[in-house]
Amino acid sequence: MRIDKLLSEMGKATRSESARLARQGKILVNGVPVKRADVHVDPEKDEIALCGTKITYKKFTYIMLNKPEGYVSATDDAREKTVLDLLNDEERRKDLFPCGRLDKNTLGLVILTNDGESAHRLLSPKHHAKKVYKFKSKLPLAESDIKALEDGVDIGDYVTKPCEITMTGDCDGEITLIEGKYHQIKRMLEAVDNKITYLERISFAGVALDTSLDRGEWRYLTDEEEKLLLKENK
Ligand code: URA
(Lines give C-alpha, C1' and ligand atoms only; values in the text may rest on other atoms or scores of the structure.)
Protein backbone atom coordinates (compact mmCIF):
# COMPACT_ATOMS: atom_id res chain seq x y z
CA MET A 1 0.00 0.00 0.00
CA ARG A 2 1.10 3.61 -0.52
CA ILE A 3 2.93 5.07 2.42
CA ASP A 4 0.80 8.23 2.45
CA LYS A 5 -2.35 6.08 2.64
CA LEU A 6 -0.86 4.09 5.49
CA LEU A 7 0.09 7.24 7.42
CA SER A 8 -3.29 8.80 6.83
CA GLU A 9 -5.17 5.64 7.93
CA MET A 10 -3.04 5.61 11.07
CA GLY A 11 -3.99 9.24 11.71
CA LYS A 12 -0.31 10.22 11.61
CA ALA A 13 -0.37 12.60 8.65
CA THR A 14 -2.64 13.74 5.87
CA ARG A 15 -1.64 12.90 2.32
CA SER A 16 -0.23 16.40 1.73
CA GLU A 17 1.63 16.37 5.06
CA SER A 18 3.16 13.02 4.05
CA ALA A 19 4.38 14.50 0.76
CA ARG A 20 6.07 17.33 2.68
CA LEU A 21 7.53 15.00 5.32
CA ALA A 22 8.90 12.74 2.58
CA ARG A 23 10.59 15.71 0.88
CA GLN A 24 12.09 16.63 4.25
CA GLY A 25 13.49 13.09 4.60
CA LYS A 26 11.39 12.42 7.70
CA ILE A 27 9.83 9.17 6.48
CA LEU A 28 12.11 6.15 6.59
CA VAL A 29 11.38 2.74 5.13
CA ASN A 30 13.76 0.07 6.41
CA GLY A 31 16.04 2.84 7.60
CA VAL A 32 16.19 4.63 4.23
CA PRO A 33 14.48 8.01 3.71
CA VAL A 34 11.87 7.96 0.93
CA LYS A 35 11.75 11.00 -1.32
CA ARG A 36 8.09 10.65 -2.28
CA ALA A 37 4.97 9.74 -0.35
CA ASP A 38 3.50 7.63 -3.13
CA VAL A 39 6.00 4.79 -2.70
CA HIS A 40 4.50 1.41 -1.92
CA VAL A 41 5.32 -0.47 1.26
CA ASP A 42 4.37 -3.82 2.71
CA PRO A 43 3.00 -2.95 6.16
CA GLU A 44 3.58 -6.54 7.35
CA LYS A 45 7.27 -6.61 6.40
CA ASP A 46 8.67 -3.12 5.99
CA GLU A 47 9.84 -1.11 8.98
CA ILE A 48 8.43 2.38 8.80
CA ALA A 49 9.50 5.37 10.88
CA LEU A 50 8.08 8.87 10.92
CA CYS A 51 10.13 11.68 12.44
CA GLY A 52 12.23 9.10 14.27
CA THR A 53 9.28 7.11 15.68
CA LYS A 54 8.51 3.58 14.55
CA ILE A 55 5.02 3.16 13.12
CA THR A 56 3.23 -0.13 13.66
CA TYR A 57 0.47 -0.50 11.13
CA LYS A 58 -2.94 -1.65 12.25
CA LYS A 59 -5.71 -1.78 9.73
CA PHE A 60 -8.44 -0.81 12.18
CA THR A 61 -8.68 1.09 15.44
CA TYR A 62 -10.95 0.14 18.33
CA ILE A 63 -11.44 2.59 21.15
CA MET A 64 -13.41 2.38 24.39
CA LEU A 65 -14.81 5.72 25.51
CA ASN A 66 -16.52 6.54 28.79
CA LYS A 67 -19.21 8.86 27.49
CA PRO A 68 -20.21 11.77 29.69
CA GLU A 69 -23.62 13.38 29.61
CA GLY A 70 -24.25 16.04 26.97
CA TYR A 71 -22.54 14.39 23.98
CA VAL A 72 -24.37 12.87 21.03
CA SER A 73 -23.32 9.57 19.46
CA ALA A 74 -22.65 10.93 15.99
CA THR A 75 -19.64 11.83 13.88
CA ASP A 76 -20.70 15.45 13.43
CA ASP A 77 -23.58 17.62 14.48
CA ALA A 78 -24.29 21.26 13.72
CA ARG A 79 -25.40 22.10 17.26
CA GLU A 80 -24.31 19.41 19.70
CA LYS A 81 -20.95 18.15 20.94
CA THR A 82 -20.27 14.66 19.58
CA VAL A 83 -18.39 11.76 21.13
CA LEU A 84 -15.65 12.35 18.54
CA ASP A 85 -14.99 15.76 20.09
CA LEU A 86 -13.51 13.85 23.05
CA LEU A 87 -10.68 12.42 20.92
CA ASN A 88 -7.36 13.99 19.98
CA ASP A 89 -6.43 15.18 16.48
CA GLU A 90 -4.55 12.00 15.60
CA GLU A 91 -7.59 9.84 16.36
CA ARG A 92 -9.96 12.28 14.73
CA ARG A 93 -8.14 11.84 11.42
CA LYS A 94 -8.93 8.11 11.36
CA ASP A 95 -12.56 8.24 10.22
CA LEU A 96 -13.78 6.71 13.47
CA PHE A 97 -17.46 6.46 14.26
CA PRO A 98 -19.47 5.23 17.25
CA CYS A 99 -20.51 1.59 17.00
CA GLY A 100 -24.10 2.10 18.15
CA ARG A 101 -25.79 5.03 19.83
CA LEU A 102 -26.32 6.17 23.37
CA ASP A 103 -28.76 8.98 24.11
CA LYS A 104 -27.30 12.40 24.86
CA ASN A 105 -27.93 11.94 28.59
CA THR A 106 -26.84 8.28 28.76
CA LEU A 107 -23.38 7.61 30.18
CA GLY A 108 -20.79 4.93 29.73
CA LEU A 109 -19.31 2.61 27.19
CA VAL A 110 -19.14 3.62 23.55
CA ILE A 111 -16.92 1.70 21.16
CA LEU A 112 -15.42 3.84 18.41
CA THR A 113 -13.93 2.19 15.38
CA ASN A 114 -13.23 2.58 11.69
CA ASP A 115 -13.98 -1.10 11.03
CA GLY A 116 -17.25 -0.61 9.17
CA GLU A 117 -17.85 -4.26 8.36
CA SER A 118 -17.48 -5.48 11.95
CA ALA A 119 -19.56 -2.59 13.29
CA HIS A 120 -22.29 -3.41 10.80
CA ARG A 121 -22.33 -7.04 11.93
CA LEU A 122 -22.25 -6.10 15.63
CA LEU A 123 -25.20 -3.77 15.19
CA SER A 124 -27.24 -6.10 13.06
CA PRO A 125 -30.40 -7.27 14.89
CA LYS A 126 -29.52 -10.84 13.88
CA HIS A 127 -26.27 -10.65 15.77
CA HIS A 128 -27.84 -10.22 19.25
CA ALA A 129 -24.77 -8.48 20.73
CA LYS A 130 -25.30 -8.15 24.49
CA LYS A 131 -25.48 -4.68 25.97
CA VAL A 132 -25.55 -4.28 29.74
CA TYR A 133 -26.82 -1.08 31.37
CA LYS A 134 -26.97 0.13 34.95
CA PHE A 135 -30.22 1.93 35.54
CA LYS A 136 -32.15 3.80 38.16
CA SER A 137 -35.92 4.16 38.03
CA LYS A 138 -38.10 6.87 39.51
CA LEU A 139 -40.41 4.39 41.26
CA PRO A 140 -39.66 0.96 42.73
CA LEU A 141 -40.01 -1.87 40.25
CA ALA A 142 -42.51 -4.52 41.39
CA GLU A 143 -41.87 -8.20 40.67
CA SER A 144 -44.67 -8.07 38.11
CA ASP A 145 -43.00 -5.13 36.29
CA ILE A 146 -39.68 -6.96 36.19
CA LYS A 147 -41.37 -10.06 34.81
CA ALA A 148 -43.20 -8.00 32.16
CA LEU A 149 -39.99 -6.20 31.14
CA GLU A 150 -38.06 -9.46 30.97
CA ASP A 151 -40.71 -11.12 28.85
CA GLY A 152 -41.04 -8.16 26.48
CA VAL A 153 -43.24 -5.05 26.52
CA ASP A 154 -44.97 -3.00 23.87
CA ILE A 155 -43.03 0.25 23.44
CA GLY A 156 -45.39 1.76 20.91
CA ASP A 157 -44.18 0.54 17.56
CA TYR A 158 -42.46 -2.63 18.74
CA VAL A 159 -42.63 -5.44 21.29
CA THR A 160 -39.24 -5.87 22.92
CA LYS A 161 -37.38 -9.18 22.90
CA PRO A 162 -36.81 -11.00 26.20
CA CYS A 163 -34.11 -9.42 28.35
CA GLU A 164 -32.52 -10.00 31.76
CA ILE A 165 -32.87 -7.76 34.78
CA THR A 166 -30.96 -8.01 38.05
CA MET A 167 -32.14 -5.62 40.72
CA THR A 168 -29.58 -4.13 43.11
CA GLY A 169 -32.18 -2.11 45.06
CA ASP A 170 -35.86 -1.22 44.78
CA CYS A 171 -35.15 1.46 42.16
CA ASP A 172 -31.86 0.32 40.61
CA GLY A 173 -30.42 -2.60 38.79
CA GLU A 174 -28.80 -3.92 35.63
CA ILE A 175 -30.56 -4.75 32.41
CA THR A 176 -29.11 -6.84 29.59
CA LEU A 177 -30.51 -6.34 26.12
CA ILE A 178 -29.76 -8.18 22.88
CA GLU A 179 -31.18 -5.40 20.74
CA GLY A 180 -31.09 -1.63 20.59
CA LYS A 181 -34.18 0.27 19.56
CA TYR A 182 -34.38 4.05 19.81
CA HIS A 183 -34.69 5.09 23.52
CA GLN A 184 -35.41 1.43 24.21
CA ILE A 185 -34.87 1.25 27.96
CA LYS A 186 -36.59 4.57 28.60
CA ARG A 187 -39.59 3.44 26.58
CA MET A 188 -39.60 0.04 28.31
CA LEU A 189 -39.84 1.70 31.73
CA GLU A 190 -42.59 3.97 30.46
CA ALA A 191 -44.48 0.86 29.33
CA VAL A 192 -44.71 -0.17 33.01
CA ASP A 193 -45.65 3.38 34.13
CA ASN A 194 -42.20 4.19 35.44
CA LYS A 195 -39.33 6.40 34.32
CA ILE A 196 -35.57 6.06 33.90
CA THR A 197 -33.63 8.58 36.00
CA TYR A 198 -30.09 7.23 35.31
CA LEU A 199 -28.68 5.10 32.52
CA GLU A 200 -25.13 3.94 32.00
CA ARG A 201 -23.86 1.28 29.58
CA ILE A 202 -21.29 -0.90 31.31
CA SER A 203 -20.69 -3.60 28.70
CA PHE A 204 -21.02 -4.07 24.96
CA ALA A 205 -20.58 -7.35 23.08
CA GLY A 206 -18.56 -8.88 25.91
CA VAL A 207 -16.31 -5.83 26.42
CA ALA A 208 -16.72 -4.24 29.86
CA LEU A 209 -16.29 -0.54 30.54
CA ASP A 210 -12.93 0.10 32.21
CA THR A 211 -13.92 1.73 35.48
CA SER A 212 -10.54 3.45 35.74
CA LEU A 213 -11.56 5.69 32.82
CA ASP A 214 -13.09 8.97 33.98
CA ARG A 215 -16.08 10.32 32.09
CA GLY A 216 -14.82 11.68 28.79
CA GLU A 217 -11.67 9.55 28.84
CA TRP A 218 -10.85 6.84 26.32
CA ARG A 219 -8.27 4.18 25.58
CA TYR A 220 -7.57 1.61 22.88
CA LEU A 221 -9.08 -1.82 23.37
CA THR A 222 -6.53 -4.35 24.54
CA ASP A 223 -5.76 -7.27 22.19
CA GLU A 224 -7.97 -9.48 24.35
CA GLU A 225 -10.87 -7.05 24.24
CA GLU A 226 -10.48 -6.75 20.49
CA LYS A 227 -10.62 -10.53 20.17
CA LEU A 228 -13.72 -10.63 22.38
CA LEU A 229 -15.45 -7.96 20.34
CA LEU A 230 -14.58 -9.56 17.04
CA LYS A 231 -15.33 -13.07 18.28
CA GLU A 232 -18.78 -11.94 19.39
CA ASN A 233 -18.90 -10.52 15.94
CA LYS A 234 -18.62 -13.82 14.07
N1 URA B 1 -31.88 2.74 25.95
C2 URA B 1 -32.19 4.06 26.09
O3 URA B 1 -33.34 4.41 26.37
N4 URA B 1 -31.21 4.94 25.89
C5 URA B 1 -29.94 4.62 25.61
O6 URA B 1 -29.08 5.50 25.47
C7 URA B 1 -29.64 3.25 25.48
C8 URA B 1 -30.63 2.33 25.66
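Residues numbered from 1 in each chain as written. Predicted model: local features only at pLDDT ≥ 70, side-chain atom pairs only at ≥ 80, totals over all residues. Heavy atoms only, no water.

Peer 1: Provide a residue-level description of the sheet that holds strand β3 (residues 48–50), including the pertinent values.
Peer 2: Across the sheet, which stays open at both edges, the four strands sit in the order β2-β1-β3-β4 with antiparallel pairing between neighbours. Two strands in the sheet have a free side with no partner beyond their single neighbour: β2 (32–33) and β4 (53–55). Looking at chain direction, β3 and β4 are connected through three bridges and run antiparallel. Looking across to β4, one finds that Leu50 is bridged to Thr53. (Pairing = 2+ DSSP bridges. Helix = DSSP H or I, 4+ residues; strand = E, 2+ residues; numbered from the N terminus.)

Peer 1: Please set out the site of the ligand residue by residue, giving values where relevant.
Peer 2: Every residue lining the ligand is accounted for by Leu102, Asp103, Thr106, Tyr133, His183, Gln184, Ile185, Lys186 and Leu199. Between an oxygen atom of the ligand and a side-chain N or O atom of Thr106, the distance comes to 2.8 Å. The separation between an oxygen atom of the ligand and a polar main-chain atom of Gln184 is 3.4 Å. Burial of the ligand by the protein chains amounts to 95% of its free accessible area of 230 Å². In terms of residue count, helix α6 (residues 184–191) provides more of the shell around the ligand than any other element does, three residues in total. The residue makeup of the shell around the ligand, split by class, is four nonpolar, three polar and two charged. (Near = heavy atom within 4 Å. Polar contact = N/O pair within 3.5 Å; in protein donor to acceptor, adjacent residues only side chain to side chain. Areas by Shrake-Rupley, 256 points an atom, 1.4 Å probe, with all protein chains shown as cover. Nonpolar A, V, L, I, M, F, W, Y, C, P; charged D, E, K, R; others polar.)

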